[in-house]
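One-letter residues, chain by chain:
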Amino acid sequence: MEHVDVLIVGAGLSGIGAAYRLRTRCPDLSYAILEGRDAIGGTWDLFRYPGIRSDSDMYTLGYPFRPWRGEKSIADGEDILRYVRATAAENGIDKRIRFGHKVTEASWSTEQARWTVRVRTADGITEWTCSFLYLCSGYYSYESGYLPEITGLDDFSGTVVHPQFWPDGLDWHDKKIVVIGSGATAMTLVPALAERAAHVTMLQRSPSYVMSLPARDPLARGLHRYLPGAVAHRAVRAKNVMTNLGFYQFCRRAPLLAKRVLHVLTERQLRDDLHVDPHFTPSYDPWDQRLCVVPDSDLFRTLRAGTAEVVTAHIDTVTEKGVRLCSGTELEADILIPATGLRLVPAGGISITVDGEPVDLSTKIIYRGTMLDGVPNAALCIGYTNASWTLRADLASLYVCRLLGYMRRKGYRIAVPSYTGNGERRPLLGLNAGYIHRAEKSLPAQGSRSPWLMRQNYLLDLPAMRLGRVTRSMHFE
């Protein structure tokens, strides 16, 4: 049984960032990273479908301590993966990772003031102990994506591929493809597949808001000519934080005007008003669900070229040759891709107990968007839903380091958030999206005021996480 001061679960974007912060802010503490898979990268190593990319700019998705030097602001998945792995290698973090270590259970003992973590490896079950447990494994299942009941799917004679498990060597040259979905994955797949396919149809039950952004940031290119790299990076990062947050606030405070602006922008991209309604006219307000971003209008260019189309309709059944709609129209297909979303699992699906009592995460209130009431010496790394994941993930890691430093100075071994609110509970993630609604009953909640309120606002979180009192609503022993 091995023991470390801090045990990080997950070697993806969040886990590598957390390790860097621990290494630089708490150099006296030992740490290790347990990764269930055999490679660094998390999401960016798992997803291999054509065109995989981020829909957040790399100046905010990237680490603030390692400036993004790539040409593209909206980067491809391979570039992001190289960036994460290079960060780990440059800082010696890769040497602290134990691959093929899948954490299944975590048990806290107040008497021992430590966690015992049960781990599944190729050689069997092993155990680790730690003084602080930091879960950086994201919030969706790596084992399975979400697949709704689609009548007749087993009758399809072609190939069915879920984007989360894209097979190596799949040939889609000159094939007819139907992509079911209207989220970021579908909008990424369609332009990439259309380059080689005979025809691609994006079949959506309901549309999403879509905005085109430049793949390369013109301001970044200009600043890098005249300023040192780190200074230019911080300037572009600050600009993007303010721009993204400002547009989000505009959408939430003036939804009717925001709808009109997005409608006009889409009209200009499609150059054909007939396509905007119904295919790009959602029934909900902007940012009720996550806004989809396409770089350099690639989706719109593909639609204008006629190599792909959008169909907005309900499925009656899948047939041997394709998909029959409720209208009676049948879409022929050789390949069917259900880009139907993720399956959310809190804390990476790990079973958690405190002093022998199982912890039901759905009954818990989140503290500073990072810890859970009544759960000692443990943190979750959760990013933003309306901005780059890393913005909040890095704040969470900085807060964990502040808490650990305070405990060390004061001689405390245990820190437990203690909820003192009035019992009001709000959903953890502020989006009206299907994948969130499906998981709401298993997710922790948030309260109505700080430090139990999980804001979706980086400018408000920045001072609270970096300067807020670590003793507030926290019990120490």
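Residues numbered from 1 in each chain as written. Predicted model: local features only at pLDDT ≥ 70, side-chain atom pairs only at ≥ 80, totals over all residues. Heavy atoms only, no water.

### Some words on the overall build of the chain
How we decide: The helix count covers DSSP runs of H or I at least four residues long, the strand count covers runs of E at least two residues long, and both are numbered beginning at the N terminus. Atoms counted for the radius of gyration: C-alpha only. Globule rule: 2.2 Å times the number of residues to the power 0.38. Only heavy atoms matter for contacts: two residues are in contact if any of them lie within 4.5 Å across the pair. For the area figures, the Shrake-Rupley method with a 1.4 Å probe applies, and any residue is considered shielded solely by the protein chains shown.
A tally of regular secondary structure across the chain gives 13 helices and 25 strands. On C-alpha atoms alone, the chain measures out to a radius of gyration of 23 Å, which is about the 23 Å that the 2.2 N^0.38 rule sets for 477 residues. Along the first, second and third principal axes, the C-alpha set of the chain runs to 70 × 55 × 45 Å. Residue pairs in contact within the chain that sit at least 24 positions apart in sequence constitute 71% of those at least 6 positions apart. Counting only carbon and sulfur atoms, one obtains 49% of the accessible surface of the chain, whose full area is about 21,000 Å².

### Quick word on the confidence of the model for the chain
Note the cut-off: Across the chain, each position has a pLDDT score giving the predictor's confidence in that residue, from 0 to 100.
Overall, the predicted model of the chain reaches an average pLDDT of 93, with 100% of residues at or above 70. Taken element by element, the predicted model of the chain shows its lowest mean pLDDT in helix H12 (residues 434-439) (77) and its highest in strand E2 (residues 31-35) (98).

### Here we look at the sheet that holds strand E14 (residues 322-325)
Within a sheet, adjacent strands bond to each other through the backbone by hydrogen bonds, running parallel or antiparallel. The criterion, for reference: For two strands to be treated as a pair, DSSP must find no fewer than two bridges joining them. Every angle, taken between N-to-C directions, lies between 0 and 180 degrees, and every axis is a line fitted to C-alpha atoms, over only the stretch in contact when it is a helix.
Pairing is antiparallel across the open sheet formed by 3 strands, whose spatial order is E13-E14-E15. Each edge of the open sheet carries a strand with a single partner, namely strand E13 (315-318) and strand E15 (330-332). Across this sheet, the average inter-strand angle for adjacent strands is 20°, counted without regard to direction. Of the pairings in the sheet, the one linking E14 to E15 comprises 3 bridges and is antiparallel in character.

### Overview of the side chain of Thr385
The topology assignment puts Thr385 in the loop between strand E21 (378-380) and helix H11 (389-410). Aside from chain neighbours lying at most four places away, what touches Thr385 is Tyr139, Trp287, Arg290, Leu429, Leu431 and Gln456.

### So, unusual backbone geometry
A negative phi angle is the norm for most residues apart from glycine, just as the trans form is the norm for most peptide bonds. Put simply, Asp277 and Pro278 share a cis peptide bond, and its omega is 15°. A cis amide bond links Ser450 with the next residue in sequence, Pro451, at an omega value of 5°. Inspection of the secondary structure puts Pro451 in the loop between strand E24 (445-446) and helix H13 (458-467). Located in the positive-phi region is Ala113, a residue other than glycine, with phi close to 55°. Within the secondary structure, Ala113 is located in the loop between strand E4 (102-109) and strand E5 (114-121).

### A few points about the side chain of Arg237
Put simply, the rule is: Only protein chains enter the area calculation, which uses a 1.4 Å probe; residues under 20% of their type maximum are buried, those over 50% are exposed, and those in between are partly exposed. Residues counted as positive are Lys and Arg, residues counted as negative are Asp and Glu, and His and the chain ends are not counted. Any carboxyl oxygen of Asp or Glu within 4 Å of a side-chain nitrogen of Lys or Arg constitutes a salt bridge here. Whenever a nitrogen or oxygen atom comes within 3.5 Å of another N or O atom, the pair is scored as a polar contact, on the condition that within protein one atom can donate a hydrogen and the other can accept it, and that pairs from neighbouring residues in sequence are kept only if both atoms are in side chains.
Within the secondary structure layout, Arg237 lies in helix H7 (residues 229-253). Buried charge without a salt bridge: Arg237, with Asp394 as the nearest opposite-charge side chain at an N-O distance of 5.3 Å. Among the polar contacts listed, one links the side chain of Arg237 to the backbone oxygen of Gly62, at a separation of 3.5 Å. Beyond its immediate chain neighbours, meaning those up to four positions away, Arg237 contacts Tyr59, Thr60, Gly62, Tyr63, Pro64, Leu391 and Tyr458.

### Brief notes about the environment of Val178
Note that Val178 resides in strand E8 (residues 176-180). Assessed through its relative accessible area of 1%, Val178 is described here as buried. Along the backbone, Val178 and Ala305 are 127 residues apart, and their C-alpha atoms lie at a distance of 17 Å. Residues in contact with Val178, not counting those within four places in the same chain, are Thr201, Leu203, Val323, Leu331, Glu332, Ala333, Ile335, Leu336 and Ile337.

### Some remarks on the environment of Leu331
Relative to the elements of secondary structure, Leu331 occurs in strand E15. Judged by relative accessible area, Leu331 falls into the buried class, the value being 11%. When the C-alpha positions of Leu331 and Ala215 are compared, they lie 32 Å apart, and in sequence the two are 116 residues distant. Leaving out residues up to four positions away in the same chain, Leu331 has contacts with Val178, Thr201, Leu203, Lys321, Gly322, Val323 and Leu325.

### Observations concerning the packing of H7 against helix H8 (residues 255-270)
Rule in force here: Under this grouping Gly is polar, as are all residues other than the nonpolar Ala, Val, Leu, Ile, Met, Phe, Trp, Tyr, Cys and Pro and the charged Asp, Glu, Lys and Arg.
H8 packs onto H7 with a crossing angle of 120° between their chain directions and a minimal axis gap of 5 Å. Each of Phe247, Phe250, Cys251, Arg252 and Arg253 in H7 lies in contact with H8, whose residues at this interface are Pro255, Leu257, Ala258, Val261 and Leu262. Here the contact of H7 with H8 is composed, by residue class, of 8 nonpolar, no polar and 2 charged.

### Thoughts on the packing of helix H5 (residues 184-194) against helix H10 (residues 298-305)
To characterise two packed helices, one gives the angle between the axes of the helices and the distance between these axes. Stated precisely, the cut-off is as follows: Working rule for angles: under 35 degrees goes down as roughly parallel, over 145 as roughly antiparallel, 65 to 115 as roughly perpendicular, anything else as oblique. The crossing is said to be left-handed when, going from far helix to near helix, the turn is anticlockwise and less than a right angle, and right-handed when the turn is clockwise.
Taken N-terminus to C-terminus, the directions of H5 and H10 make an angle of 50°; their axes are 9 Å apart at the nearest point. For the element pair H5 / H10, the angle class is oblique. Two packed elements cross with a definite hand, and for H5 against H10 that hand is left-handed. Where H5 approaches H10, its residues Met187, Val190, Pro191 and Ala194 are matched on the opposing element by Asp298, Leu299 and Thr302. The residue inventory of the contact of H5 with H10, partitioned by class, reads 5 nonpolar, 1 polar and 1 charged.

### What to know about the pairing of strand E6 (residues 124-135)
Examined bridge by bridge, strand E1 (residues 2-9) and E6 share 7 bridges and lie parallel to one another. Within E6, the position partnered with His3 by the bridge is Thr129. Strand direction decides the pairing type here: E6 and E21, joined by 3 bridges, are parallel. Note that in E21 the partner of Leu133 across the bridge is Ala378.

### Observations regarding the pattern of salt bridges
Note on pairing: side chains with opposite charge can pair once their charged atoms come close. Under the criterion given, the structure shown has 21 salt bridges. Asp394 serves as the salt-bridge partner of Arg21, at 2.9 Å between the closest nitrogen and oxygen. Of this pair, Arg21 sits in helix H1 (residues 13-25) while Asp394 sits in helix H11, placing them 373 residues apart in sequence. Residue Arg21 shares its accessibility class with Asp394, and that shared class is buried. A salt bridge links Lys239 to Asp217, with the nearest nitrogen and oxygen atoms 2.7 Å apart. Residue Lys239 is found in helix H7, and its partner Asp217 is found in the loop between strand E10 (210-213) and helix H6 (218-226); the two are separated by 22 residues along the sequence.

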